[in-house]
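Letter by letter, the chains look like this.
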Amino acid sequence: MRGKRRSALYVPGTNERALAKIGSLPTDMIILDLEDSIAPSRKAEARDRILDFGRDHVDRQREFILRLNAADTPFWRQDLAILAGCSLRAVLLPKIRTAEDAGRQLREIESVVPGCGVWFMMETPESVFNALSIAAVRRHHENVQGFVVGTNDLAKDAEIQPDRNRTYLVSWLMQIVLAAKAFELDVIDGVYNDIADAEGFRLEALQGRAMGMTGKSLIHPNQIVPTNDIYSPSRDEIDRARRIVDAFAGEDGDDRGVLTLDGKMVERLHLVQAEKVLARAGEL
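Cut-offs applied
Residues numbered from 1 in each chain as written. Predicted model: local features only at pLDDT ≥ 70, side-chain atom pairs only at ≥ 80, totals over all residues. Heavy atoms only, no water. Disulfide = S-S within 2.5 Å. Buried < 20%, exposed > 50% of the residue type's maximum accessible area, 1.4 Å probe, protein only. Axes fitted to C-alpha atoms, helices over the stretch in contact; angles between N-to-C directions. Helix = DSSP H or I, 4+ residues; strand = E, 2+ residues; numbered from the N terminus. Parallel < 35°, antiparallel > 145°, perpendicular 65-115°, else oblique. Left-handed = near helix turned anticlockwise from the far one by under 90°. Contact = heavy atoms within 4.5 Å. Nonpolar A, V, L, I, M, F, W, Y, C, P; charged D, E, K, R; others polar. Phe/Tyr/Trp six-rings, centres within 6.5 Å; stacked < 30°, edge-to-face > 60°. Core = buried A, V, L, I, M, F, W, Y, C linked by side-chain atoms within 4.5 Å. Pairing = 2+ DSSP bridges.

Participant: Talk me through the state of the cysteines; I want residue IDs and the actual numbers.
Facilitator: Within the structure shown, the criterion is met by 0 disulfides. For the unlinked cysteine Cys86, the closest cysteine sulfur is that of Cys116, found at 9.0 Å. Using a relative accessible area of 4% as the deciding quantity, one classes Cys86 as buried. Accessibility expressed as a relative area gives 0% for Cys116, which makes it buried.

Written out as structure tokens, the structure is:
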């Protein structure tokens, strides 16, 4: 069953110490990485460690996702081979560019682990242009769960100069968010690289939530708690949502499409939003 997806911590497959600490971390999602954080000479070691970890590790309080190497690398087939031998049941596919890429790789994953959850990295200029068609793959594959944004690769490939406000990325990020929402997919924001800049991280996380992101991908445990706080409904949001739900549950609420609450018009679309807030807060 789908749970909260506020915080998604990358853990390199070679980092034995980090793997051992996973159980004590309050992150909602763990992305076990075989790709960018692993040098080519250590790919085999990373696979072995993750295979050992994934054989017996069951934790129903969080989701585990295995980030594979790209399908056009020599590591793809070897990465697929470990899926069948461990309990990990979701993968993150990097360097997705087109819906054809997404569909082809997804079918290969399903041939190894039927029903495996699939996430797509959105990290190339081509993937941004094709975001809607990539999201539409879900029409034929219900196990597609969402997008993870790769802001570092996107900025590199587009040769833009990143700044603290992500000025030249925002319009692209919104394209990704809109495509995800059109097909009811979750979308996890990119990482913040400066571990020491807590305020910059906070501002970027707030920006991502305001843009409609589901959560944020992380590179350090210190980023987990602030992310969970920012991506959780505030007490004011929860109270407002509860009042909207209660208003429509009142004596004549079922027969009305519009209500007045605190002098403001409230429609049934606001009821749907309120129910989502309460569900995220675990109060529905």
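The rest of the description comes next.
Participant: Account for the packing of helix α3 (residues 76-83) against helix α4 (residues 99-112), with residues named and values stated.
Facilitator: Interhelical geometry of α3 versus α4 gives an angle of 40° and a closest axis separation of 9 Å. On the basis of their axis angle, the class for α3 and α4 is oblique. For the pair α3 and α4, the crossing hand works out as right-handed. The residues of α4 that touch α3, namely those facing Trp76, Arg77, Leu80 and Leu83, are Gln105, Glu108, Ile109 and Val112. Broken down by class, the residue content of the contact of α3 with α4 amounts to 5 nonpolar, 1 polar and 2 charged.

Participant: Please set out the packing of aromatic side chains residue by residue, giving values where relevant.
Facilitator: Taken as a whole and judged by the stated rule, the model has 2 aromatic pairs. Ring geometry for Phe53 against Phe64: centres 5.7 Å apart, planes inclined by 55°, an arrangement best described as tilted. In this pair, Phe53 is assigned in helix α2 (residues 43-56) and Phe64 in strand β3 (residues 63-67), connecting sequence segments 11 residues apart. Plain terms: the ring middles of Tyr192 and Phe201 are 6.1 Å apart, the flat faces sit at 75° to each other, and that makes the pair edge-to-face. Accessibility expressed as a relative area gives 10% for Tyr192, which makes it buried. Judged by relative accessible area, which is 4%, Phe201 ranks as buried.

Participant: Requested: an account of the environment of Val266, with residues and values cited.
Facilitator: Relative to the helices and strands, Val266 is located in strand β10 (residues 264-267). Counting along the chain gives 68 residues from Val266 to Ala198, while the straight-line C-alpha distance between them is 37 Å.

Participant: Describe the nonpolar core, naming the residues involved and giving the relevant values.
Facilitator: Counting residues in hydrophobic clusters, the biggest one holds 65 residues, and the most contacted among them are Leu32, Leu66, Ile109, Phe120 and Phe147. At 5 residues, the largest contribution of residues to this core is made by helix α8 (residues 170-182). With residues up to four places along the chain from it excluded, the contact list for Ile109 reads Leu68, Trp76, Leu80, Leu83, Val91, Leu93, Cys116 and Val118.

Participant: Hey, could you go over the sheet that holds strand β7 (residues 186-189) for me, with residue numbers and the actual values?
Facilitator: An order of β1-β2-β3-β4-β5-β6-β7-β8 is seen for the 8 strands of this closed barrel, with the pairing classed as parallel. Across the sheet, the mean angle from the axis of one strand to that of its neighbour is 25°, orientation sign disregarded. Across the sheet, helix α9 (residues 198-210) is in contact with β7 and β8 (215-218); its angle to β8 comes to roughly 140°.

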